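Here is what each chain is made of, one letter per residue.
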There are 2 protein chains.
Amino acid sequence: MKIGIYGYGNLGRGVELAIRQNPDMELAGVFTRRDPATVKTLTGAPVYAAETAVDFETEIDVMIICGGSASDLPVMTPMLARNFNVIDSFDTHARIPEHFTNVDRAAFQTGHTALISAGWDPGLFSLARLLMNAVLPDGKDYTFWGRGVSQGHSDAIRRIPGVKDARQYTVPVEDALNRVRSGENPELTTRQKHTRECYVVAEDGADKALIEKQIKEMPNYFADYDTTVTFITEDEMKRDHMELPHGGQVIRCGNTGKDNGHRHVMEFSLKLDSNPEFTASVLVACARAIGRMHARNIFGCKTLFDIAPADLAAMEPEEMRKKLL
Amino acid sequence: MKIGIYGYGNLGRGVELAIRQNPDMELAGVFTRRDPATVKTLTGAPVYAAETAVDFETEIDVMIICGGSASDLPVMTPMLARNFNVIDSFDTHARIPEHFTNVDRAAFQTGHTALISAGWDPGLFSLARLLMNAVLPDGKDYTFWGRGVSQGHSDAIRRIPGVKDARQYTVPVEDALNRVRSGENPELTTRQKHTRECYVVAEDGADKALIEKQIKEMPNYFADYDTTVTFITEDEMKRDHMELPHGGQVIRCGNTGKDNGHRHVMEFSLKLDSNPEFTASVLVACARAIGRMHARNIFGCKTLFDIAPADLAAMEPEEMRKKLL
């Protein structure tokens, strides 16, 4: 299966490396909006200008689109779905229905197959929520994220005047996690579920107290959380905060039985050294499924909910039943 | 969707109760090999003789077969697949390929849809293994079971002369579990992964030392494990050991990155108050999917690997994307 990568940031590089781990996959090329001559790939894969992608229509089975959800993907995915089978990791939860409709129309009209919102959340976590809801209809589920770097929150801090660099970690509250795991089904506020740890490099002479206040009072991002701000040096940032770890848990507790007296706790958890590399690994498995579904003339926009799990794996069905069932 | 239950033990009763939690499901009847007049259902569902099941061919959308894997299901599932869409929880791992072939032939020839080996292991745990293998091809996975009652091991103890009753708990070794979770990818022997706790009621005057020796040296069941045997009274058995809790973990640790230097740990875990009721809940969700697949003219034998997750849940696709993705 021949894969194209559209957009070459952290996620694109992750996809490039993930393809190497899947012998049934081959990287046809990387497409960038930058000058291709200035982009060096990790594995020596060829780099082309984004606007020439359409010339590769017949040479690429699935195009993995590695752009941002805010402004890139809402435009890119429907556009590219006219010429390619496509996959993206669109993660603006509130806009998923609209994005789905746009991509579905483009893919369906041109006989392509698309998958949106792949990755781990949305993605594997969504799948876990669905499975858990299907199995335990009488229950309640919770999602915790972290400990991990939130790029959106880090960016929000960087926009504050006097901030040179920043890294924000989302941290689940251990006590809340334990209460959920115990099957207590607690009502938890935003503040009770996660804390936010900020590591900030300030410009020389910046007013640190003011920066800290501006972070802690920032609506949506920080105001509803217990937030800690730690000022560090540029060297400390480089030494301690250059990785992009993440993870989290989906937990559902539900009841069954004659008097609803039996309690069951289901949990799916991830502990990731590299958020972009793991997300990329999910995208590559999804690319396999989308290529296979397209070969069966299944067109339009899909999500992980629509994919038979067997289609994600390279293994033959007989071997799968023997080894994994 | 109209469901039939074939076999009315712990699992059959669990299915009966689970159907109540799913408003799109209706219980058409329970089929038993016992005298129907002697069987009282928990919810007042009608009971029929097993051999009359075929008379209900047009009234049942999916038959959930609640028999044992050793001798019931290898016969029942292919037989019933000639007249019904069927689901079973066949769990003799080594014989799954053979069972699959038999059921597939029967279902395919008569235009039915079948699902074998549903439940949690095989079942949800198999699905977790598949997803984890697809996403992290370079890795190693582990399955731990317990703390929970193993019916097979309890039965094995009961067959020893002088034993009146017995309950065996399979217990994962905490230290092994932690090593796996840490991403160490250890090589673990059978003994290092699980211990076995046996609670035994001895007949009056029985040689307890001999019983203990016979348990601990029993090949396949106990000889390869660190086994503890505790003799208890009949009252203690009734007071402390009448529930059937179970659970376990599937964990995969895999690497990604340029030098394979990033480690990711994926875990799916279950903590169940009632093994049969939870298994039944999985079977009912699977019944929904099999009914839907049959309506789309998809015939033959399937496993959870072949089911698009959306088919398991009652929710509409739009709502699912909005709420769970």
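Note that the structure is predicted; figures quoted are calculated from it, not measured. (Residues numbered from 1 in each chain as written. Chains lettered and ligands numbered in written order. Predicted model: local features only at pLDDT ≥ 70, side-chain atom pairs only at ≥ 80, totals over all residues. Heavy atoms only, no water.)

Let's talk about the nonpolar core
Consideration 1: Within the largest apolar cluster, 156 residues are counted, with the highest numbers of intra-cluster contacts made by A:Phe268, A:Phe278, B:Phe268 and B:Phe278.
Consideration 2: Sequence-distant contacts of A:Phe278, defined by excluding residues within four places in its chain, comprise A:Trp120, A:Leu124, A:Leu270, A:Leu272, B:Val135, B:Leu136, B:His264 and B:Met266. (Core = buried A, V, L, I, M, F, W, Y, C linked by side-chain atoms within 4.5 Å. Buried < 20%, exposed > 50% of the residue type's maximum accessible area, 1.4 Å probe, protein only. Contact = heavy atoms within 4.5 Å.)

Details of the confidence of the model for chain A
Consideration 1: For chain A, the mean per-residue pLDDT works out to 97, and 100% of the residues sit at or above 70.
Consideration 2: Across the assembled chains, the prediction reports ipTM 0.96 with pTM 0.96. (pLDDT = per-residue confidence, 0-100.)

Details of the packing of aromatic side chains
Residue and element names in this part refer to chain A.
Consideration 1: If you walk through the whole model with that rule in mind, you get twelve aromatic pairs over all chains.
Consideration 2: Relative to Phe56, the ring of Tyr48 has its centre 4.3 Å away and its plane inclined at 40°; by these criteria the two rings are tilted.
Consideration 3: Given a relative accessible area of 26%, Tyr48 falls into the partly exposed group.
Consideration 4: Aromatic pair Phe125 and Phe268: ring centres 5.9 Å apart, planes at 80°, arrangement edge-to-face. Placement of Phe125 in helix α4 (residues 124–135) and of Phe268 in strand β13 (residues 262–272) is noted, with a sequence separation of 143 residues between them. Across this residue pair, the class does not change: Phe125 and Phe268 are buried.
Consideration 5: In this structure, Arg13 is placed above the aromatic ring of Tyr8, and the distance from its NZ or CZ to the ring centre is 5.7 Å. (Phe/Tyr/Trp six-rings, centres within 6.5 Å; stacked < 30°, edge-to-face > 60°. Helix = DSSP H or I, 4+ residues; strand = E, 2+ residues; numbered from the N terminus. Lys NZ or Arg CZ within 6 Å of the ring centre and 35° of its normal.)

What to know about the sheet that holds strand β8 (residues 148–149) of chain B
All names here are of chain B.
Consideration 1: With respect to topology, four strands assemble into an open sheet ordered β8-β9-β10-β11, the strand pairing being mixed. Looking at the sheet topology across the chains shown, the edges are occupied by β8 and β11 (226–231).
Consideration 2: Of the pairings in the sheet, the one linking β8 to strand β9 (residues 163–172) comprises two bridges and is antiparallel in character. Bridged to Gly148 within β9 is Thr170.
Consideration 3: Set on the sheet, helix α5 (residues 151–158) makes contact with β8, β9 and β10 (194–202); between it and β9 the angle comes to about 145°. (Pairing = 2+ DSSP bridges. Axes fitted to C-alpha atoms, helices over the stretch in contact; angles between N-to-C directions.)

Regarding the environment of A:Tyr142
All names here are of chain A.
Consideration 1: By secondary structure assignment, the location of Tyr142 is in strand β7 (residues 139–145).
Consideration 2: Here Tyr142 falls in the buried class, since its relative accessible area comes to 5%.
Consideration 3: Along the chain, Tyr142 and Lys322 lie 180 residues apart, while their C-alpha atoms are 34 Å from each other.
Consideration 4: Residues within four places of Tyr142 in sequence aside, it is in contact with Val180, Asn185, Pro186, Leu188, Gln249, Val250 and Ile251.

Let's talk about the sheet that holds strand β11 (residues 226–231) of chain A
Residues and elements named next belong to chain A.
Consideration 1: Reading across the sheet, the four strands line up as β8-β9-β10-β11 and stay open at both edges, with mixed pairing between neighbours. The open sheet has two edge strands, β8 (148–149) and β11, and neither has a second partner.
Consideration 2: Most of the contacts of helix α5 (residues 151–158) go to strand β9 (residues 163–172), to which it runs at about 145°, and overall it touches β8, β9 and β10 (194–202).

Concerning the environment of B:Ile290
Consideration 1: Residue position: B:Ile290 is located in helix α10 (residues 275–295).
Consideration 2: Separated by 205 residues in sequence, B:Ile290 and B:Asn85 place their C-alpha atoms 7.3 Å apart.

Some remarks on the interface of chain B and chain A
Consideration 1: Listed by partner, the interface residues are 67 residues for chain B and 67 residues for chain A.
Consideration 2: Buried area between chain B and chain A, both sides added, is near 5800 Å², and the carbon and sulfur share of it is 64%.
Consideration 3: Linking chain B with chain A are zero salt bridges, by the criterion used here.
Consideration 4: Taken together, the connections running from chain B to chain A amount to 35 residue pairs in polar contact (both at pLDDT 80 or more).
Consideration 5: Elements with a contribution of two residues or more to the side of chain B that touches chain A: α1 (10–20), α3 (96–109), α4 (124–135), β12 (246–256), β13 (262–272), α10 and α11 (317–323) of chain B.
Consideration 6: It is β13(B) that provides the largest number of residues to the side of chain B that touches chain A, a total of eleven residues.
Consideration 7: One ladder, built from nine bridges, connects β13(A) with β13(B); its direction is antiparallel. Within β13(B), the residue paired with A:Glu267 across the bridge is B:Ser269. (Buried area = accessible area lost by both parts, 1.4 Å probe. Salt bridge = Lys/Arg side-chain N within 4 Å of Asp/Glu carboxyl O. Polar contact = N/O pair within 3.5 Å; in protein donor to acceptor, adjacent residues only side chain to side chain.)

Topic: the relation of the copies chain B and chain A
Consideration 1: The transformation that overlays chain B on chain A combines an axial shift of 0.0 Å with a rotation of 180°, and the residual RMSD is 0.0 Å. Considering both components of the superposition, the chain copies are consistent with a two-fold axis.
Consideration 2: Comparing interface residues between copies, 100% of those in chain B also sit at the interface in chain A, which points to an isologous, same-surface contact. (Least-squares fit on C-alpha atoms with pLDDT ≥ 70 in both.)

Some details on the pattern of salt bridges
Consideration 1: Within the structure shown, the criterion is met by 38 salt bridges over all chains.
Consideration 2: Residues A:Arg95 and A:Glu98 are paired through a salt bridge, measuring 3.3 Å at the closest nitrogen-oxygen approach.
Consideration 3: You can call A:Arg95 partly exposed: its relative accessible area is 32%.
Consideration 4: Of the charged contacts in the structure, one is a salt bridge between B:Asp165 and B:Arg158, with a shortest N-O distance of 3.0 Å.
Consideration 5: One salt-bridge network, held together by shared partners, links A:Asp155, A:Arg158, A:Asp165 and A:Arg167.

Remarks on empty space enclosed by the protein
Consideration 1: By the definition in use, this model includes four cavities of 30 Å³ or more.
Consideration 2: Looking at the lining of the largest cavity, the elements with two or more residues in it are α4 of chain A together with α4 and β13 of chain B.
Consideration 3: For the lining of the largest cavity, the leading source of residues is α4(B), giving five residues.
Consideration 4: For the lining of the largest cavity, a count of residues per class yields twelve nonpolar, no polar and no charged. (1 Å grid on protein atoms, 1.4 Å probe; cavity = no way out; pocket = protein on both sides within 12 Å on 5 of 7 lines; lining within 4 Å. Points joined across faces, edges and corners; volume = space filled by probe spheres on them. Nonpolar A, V, L, I, M, F, W, Y, C, P; charged D, E, K, R; others polar.)

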